[in-house]
Amino acid sequence: MKVSFSAAFLSLILSGEYLCDAFAPAGSKFGIVSNELDFSLDAIRRRGGPRQPRRVEEKPPMNLEVPNIQLRVVTPNPKGKDDPLGIMGRAEALSLAKDMGGLDLVLINAKSDPPVCKIVDYSKFRYEKERKAKMLKKNSKATEVKEVKMSYKIDVHDYNVRKKNASKFIGQGNRVKCTIMFKGREIQHDKLGIELLGKLATDLEDVCLMEGKPKREGRNLSCILTPRPEVVKKINEKKRAEEKKKRKAKEEGKKQFEEKQAQKAAAKGVTANAANGGRILDFDSEDSLDDLDELLKGDDLTDDLFG
């Protein structure tokens, strides 16, 4: 029984060895696979795939990393603007940063003559920079391309509806793609489609311009209408006014909240003073001591229990 088991085990080992040699790549021995396969197997075991490289933060030159030349030094003020401190060397600027509370000397513009450095806390500088970038990304909306489709045989009422929609899209600051659709043999009347697109551009010439000439796209004919600079300017002014209004409302709400908190604190102080009868005890005077005795005196039951 032992001999048969050992023989079967030996045959299994030999068959496995031959199988490994059969499926192994050229130049490998006993089924040793390449590094790429090992890498993919490790990725499968990790249940994730190859790890993405970590993003390394690009820090601007700071302190001793700043070139040892003449520098134009500025520092931020409470209003959020930069106050100039003059032109000085790196050693003097570092000494000034140390005297201002151990701040950092950060190079913000190396291409100017002389280079501009800011004395600021780097962690706060980085936070403000990231916050401004997020706000800019949030407020900046990419221009969309809206589309208006119609036939070259469109009726007057339907044409006015398409024109109204195109005018609305342009008023929002978007570009409009006007498309004339042809079916079957209608494609031979493409000149009528070009005339219709020209008519639409002429009717909306007060708010938009046509980019180039109409183009053929298969069986369709299309052109792009772009808002005029005056329209874009009005839209941007309206956005800025709305943002200013929101900031003002936020500041007023904050001010009202602070006033309410101050009123609550004052009301608590008045309540405590009223509980004391409106009197301030002075322990150096005999009258105040008499008042204290009067406040702390007990009744007959208390005197019988603790007297």
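Nothing here was measured: the structure is a model prediction, and the numbers come from that model. (Residues numbered from 1 in each chain as written. Predicted model: local features only at pLDDT ≥ 70, side-chain atom pairs only at ≥ 80, totals over all residues. Heavy atoms only, no water.)

*Asks:* Teacher, can you tell me more about the side chain of threonine 179 here?
*Replies:* Locating threonine 179 in the fold gives a position in strand β6 (residues 175-181). A distance of 2.9 Å separates polar atoms of two side chains, one belonging to threonine 179 and the other to glutamate 147. Contact partners of threonine 179, with chain neighbours within four places excluded, come to Glu147, Val148, Lys149, Met150, Asn220, Leu221 and Ser222. (Helix = DSSP H or I, 4+ residues; strand = E, 2+ residues; numbered from the N terminus. Polar contact = N/O pair within 3.5 Å; in protein donor to acceptor, adjacent residues only side chain to side chain. Contact = heavy atoms within 4.5 Å.)

*Asks:* What's the story with the environment of leucine 200 in this structure? I'm lost.
*Replies:* For leucine 200, the position within the fold is in helix α6 (residues 190-203). Of the residues examined, leucine 200 reaches a relative accessible area of 0% and is grouped as buried. Ignoring any residue separated from it by four or fewer positions in sequence, one finds leucine 200 in contact with Met150, Tyr159, Lys163 and Cys178. (Buried < 20%, exposed > 50% of the residue type's maximum accessible area, 1.4 Å probe, protein only.)

*Asks:* Teacher, can you tell me more about α6 here?
*Replies:* Taking 1.5 Å of rise per residue, 14 residues should cover 20 Å, and α6 covers 20 Å from first to last C-alpha, within 8% of that figure. Inspection of α6 places Asp190, Gly193, Leu196, Leu197, Leu200 and Ala201 among the buried residues, and these make up the whole buried set. Down the axis of α6, the sector holding all buried residues measures 135°, keeping them to one side. The outward face of α6, more than 90 degrees from its buried face, is lined by the exposed residues Lys191 and Glu195. Next to the buried residues of α6 lie β5 (145-151), α5 (156-171), β6, β7 (208-217) and β8 (220-227). (Expected span 1.5 Å × (residues − 1). Arc of directions from axis to C-beta.)

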